[in-house]
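The chain contents come next:
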Amino acid sequence: MYKKDFPYFKNSNVVYLDNAATTQKPQAVIDSQVEYYEHYCANTHRSNFGDANKATQKYENARKHLRSFINASKNEEIIFTKGVTESINFIAHSFANSFDTVIISSLEHHSNIVPWHMQGRTLHKGLEVVKYTSDLDFDFENFEALLQKYPKAFVSVTHISNAFGKINDLKAIIKLAHKYEAVVLVDGAQSLAHMAIDVQALDVDFLALSAHKSFAPTGVGAVYVKEEHLNKLLPYQTGGATIDKVDFESSTLLDSPYKFEAGTQNIAGVIGFSQALSYIESVGYKQIQAYEEELYAYLDEQLHTIEEIKFYNSIQHAIGSRSFNIKGIVHDDIGILLDKMHIAVRVGHHCAQPIMKALGIKGTIRVSIAFYNDKEDIDQFITALKKAIAMLKG
Ligand SMILES: Cc1ncc(COP(=O)(O)O)c(C=O)c1O
């Protein structure tokens, strides 16, 4: 029903089911990019002529938009970045590096693992990992035991697992963490495409967001920083646009968010991010969630008609991604055949090698849906998958 808003579907015969990697962009977002480059391309926060002022205004309106979208209380709490990877690296480098212990979960993306290793933390030496239950849910008992052992820790967990679609109960995680005076960062890379986030209701300390996974251009994202932490946060990089005064002796920086946004930003991308938020608003999360839950259940039901399938979790507390393997067949081979049949899914470790290793596998076949997918996409995918299995078995 919504495919008509996305030019990709007019131009391609591909059944696109790789939305956890990146989503397609609606016409309105694409138009916002063309409009910026064709009509008011100028730098922001610097020059004082008409187009420069317009670009600055649009950029700052995008900040206000994102603030209200996630219900942050102040514009200063919204810092634009390249995406979740940069957001986590920034907070790791500028805030969390002074913490004795960082606690992550077993289902993290490499973007929420490698930055901690780069700080010299290894398992049980500054880095602790929350176990998972038999259905790949977050193990709260183990989490509380870790918080008791390592109070005042920095907790960094994903909202929705990109590999298995599991949704973490953020409210419960944050409440428990705060009981032990921990500070919590949430990796929201997979969130905005599927559900609303209210940072005040959650009482989250940091929220990393990725625009390209929620219908906006690539190379842009943001990090929400709760106001009480802003003054403790050091700039990760500095340069043009971050400063108040500079001479050869010293420099003084502006306040947040400007001191954290060094150099020329992805202006078109930020404007496109706001446009994508408007698009999501026009559809509505109520509609998105109800529709996706039905489609996800349909996908699961259809996959269950394949005898040789092996799942690693149920679809309880899950959305977006569904991961599995076919017994006796290497997942890469399925991926090659599906591609030949114009089905786009991801096969491999999905930037989550540790959980794959824990499950004793190298990777999975991952189908990930967005609200523009429909039952016909699922049917075409299932037909192609059955064909691929028959070819590989025969
Ligand atoms: C859960 C999760 N975290 C982090 C990332 C990295 O996000 P970005 O591409 O915005 O850097 C991804 C992307 O796949 C992801 O799925």
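Residues numbered from 1 in each chain as written. Predicted model: local features only at pLDDT ≥ 70, side-chain atom pairs only at ≥ 80, totals over all residues. Heavy atoms only, no water.

A. Highlighting the domain arrangement of the chain. Assigned domains within the chain: domain 1 (28-282) and domain 2 (284-393). Summed over both sides, the interface of domain 1 with domain 2 buries roughly 2,400 Å², with 59% coming from carbon and sulfur. Counting the surface domain 1 buries against domain 2, the share from its top three residues, His110, Phe164 and His194, is 28%. Summed over the shared surface of domain 1 and domain 2, the result is 0 salt bridges. For the interface between domain 1 and domain 2, the tally reads 16 residue pairs in polar contact (both at pLDDT 80 or more). A total of 4 residues in the side of domain 1 that touches domain 2 trace back to one element, the largest contributor, which is helix 10 (residues 267-283). (Domains from an automatic or database assignment. Buried area = accessible area lost by both parts, 1.4 Å probe. Salt bridge = Lys/Arg side-chain N within 4 Å of Asp/Glu carboxyl O. Polar contact = N/O pair within 3.5 Å; in protein donor to acceptor, adjacent residues only side chain to side chain. Helix = DSSP H or I, 4+ residues; strand = E, 2+ residues; numbered from the N terminus.)

B. Highlighting the site of the ligand. Around the ligand there are 13 residues in total, and Thr85, Asp187, Gln190, Ser210 and Lys213 lie nearest to it. For the ligand, an oxygen atom lies 2.6 Å from a polar atom in the side chain of Lys213. Within the complex, the protein chains bury 88% of what would otherwise be the 390 Å² of accessible surface of the ligand. (Near = heavy atom within 4 Å. Areas by Shrake-Rupley, 256 points an atom, 1.4 Å probe, with all protein chains shown as cover.)

C. Fine view of the nonpolar core. In terms of nonpolar packing, the biggest core is built from 65 residues, with Ile70 and Phe143 touching the most fellow members. Those residues in contact with Phe143 that sit more than four places away from it in its chain are Ile103, Val130, Phe138, Val155, Ile173, Leu176 and Ala177. Judged by nonpolar contacts, the second largest core, of 30 residues, contains Phe311, Phe324, Ile343 and Ile369. (Core = buried A, V, L, I, M, F, W, Y, C linked by side-chain atoms within 4.5 Å. Buried < 20%, exposed > 50% of the residue type's maximum accessible area, 1.4 Å probe, protein only. Contact = heavy atoms within 4.5 Å.)

D. Quick look at helix 7 (residues 170-179). Three or more residues of helix 7 are buried, namely Leu170, Ile173, Ile174, Leu176 and Ala177. Mapping the buried residues of helix 7 onto a view down its axis gives an arc of 165°, with all of them on the same face. For helix 7, the exposed residues lying more than 90 degrees away from the buried face are Lys175 and Lys179. Positioned one or two residues after helix 7, Glu181 has a phi angle of 60°, which is positive. (Arc of directions from axis to C-beta.)

E. The arrangement of the side chain of His110 in detail. Along the chain, His110 turns up in the loop between strand 3 (102-105) and helix 5 (114-118). In terms of polar contacts, His110 uses its side chain to reach the backbone amide nitrogen of Ala352, at 3.3 Å. Look past the residues within four positions of His110 in its chain and what remains in contact with it is Pro115, His349, Cys351, Ala352, Gln353 and Pro354.

F. A look at the packing of aromatic side chains. Evaluated as defined, the whole model comprises 29 aromatic pairs. Between the aromatic rings of Phe6 and Phe215, the centroid separation amounts to 6.2 Å while the plane-to-plane angle is 70°, which identifies the pairing as edge-to-face. Remark: Phe215 occurs in the loop between strand 8 (206-210) and strand 9 (221-225) and Phe6 occurs in the segment before helix 1 (8-11); sequence separation between them is 209 residues. You'll find Phe6 and Phe215 in the same group, each marked buried. Between Phe215 and Phe371, the aromatic rings sit 5.2 Å apart at their centres with planes inclined by 75°, giving edge-to-face as the arrangement. Of this pair, Phe215 sits in the loop between strand 8 and strand 9 while Phe371 sits in the loop between strand 16 (364-368) and helix 14 (375-393); the two residues are 156 residues apart in sequence, bridging distant segments of the chain. (Phe/Tyr/Trp six-rings, centres within 6.5 Å; stacked < 30°, edge-to-face > 60°.)

G. Layout of helix 6 (residues 140-149). All buried positions along helix 6 are accounted for by Asn142, Phe143, Leu146 and Leu147. With its buried residues spanning 140° around the axis, helix 6 presents them on a single face. More than 90 degrees from the buried face of helix 6, the exposed residues found are Glu141 and Lys149. Elements that come into contact with the buried residues of helix 6 comprise strand 3, strand 5 (126-130), strand 6 (154-158) and helix 7.

H. The arrangement of the environment of Asp139 in detail. By the secondary structure assignment, Asp139 is in the loop between strand 5 and helix 6. Among the residues examined, Asp139 registers a relative accessible area of 18% and is labelled buried. C-alpha separation for the pair Asp139 and Ser105, spaced 34 residues apart in sequence, amounts to 8.9 Å. Sequence-distant contacts of Asp139, defined by excluding residues within four places in its chain, comprise Val130, Lys131, Tyr132 and Thr133.

I. Quick peek at a nonpolar patch on the surface. Among the surface-exposed residues, Ile243, Val246 and Leu253 lie close enough to one another that they form a single nonpolar patch of about 220 Å² accessible area. Residue position: Ile243 is located in strand 10 (residues 243-246). Judged by relative accessible area, Ile243 falls into the partly exposed class, the value being 31%. (Patch = residues over 30% accessible without salt bridge, like charges linked within 9 Å, V, L, I, M, F, W, Y side chains within 5 Å.)

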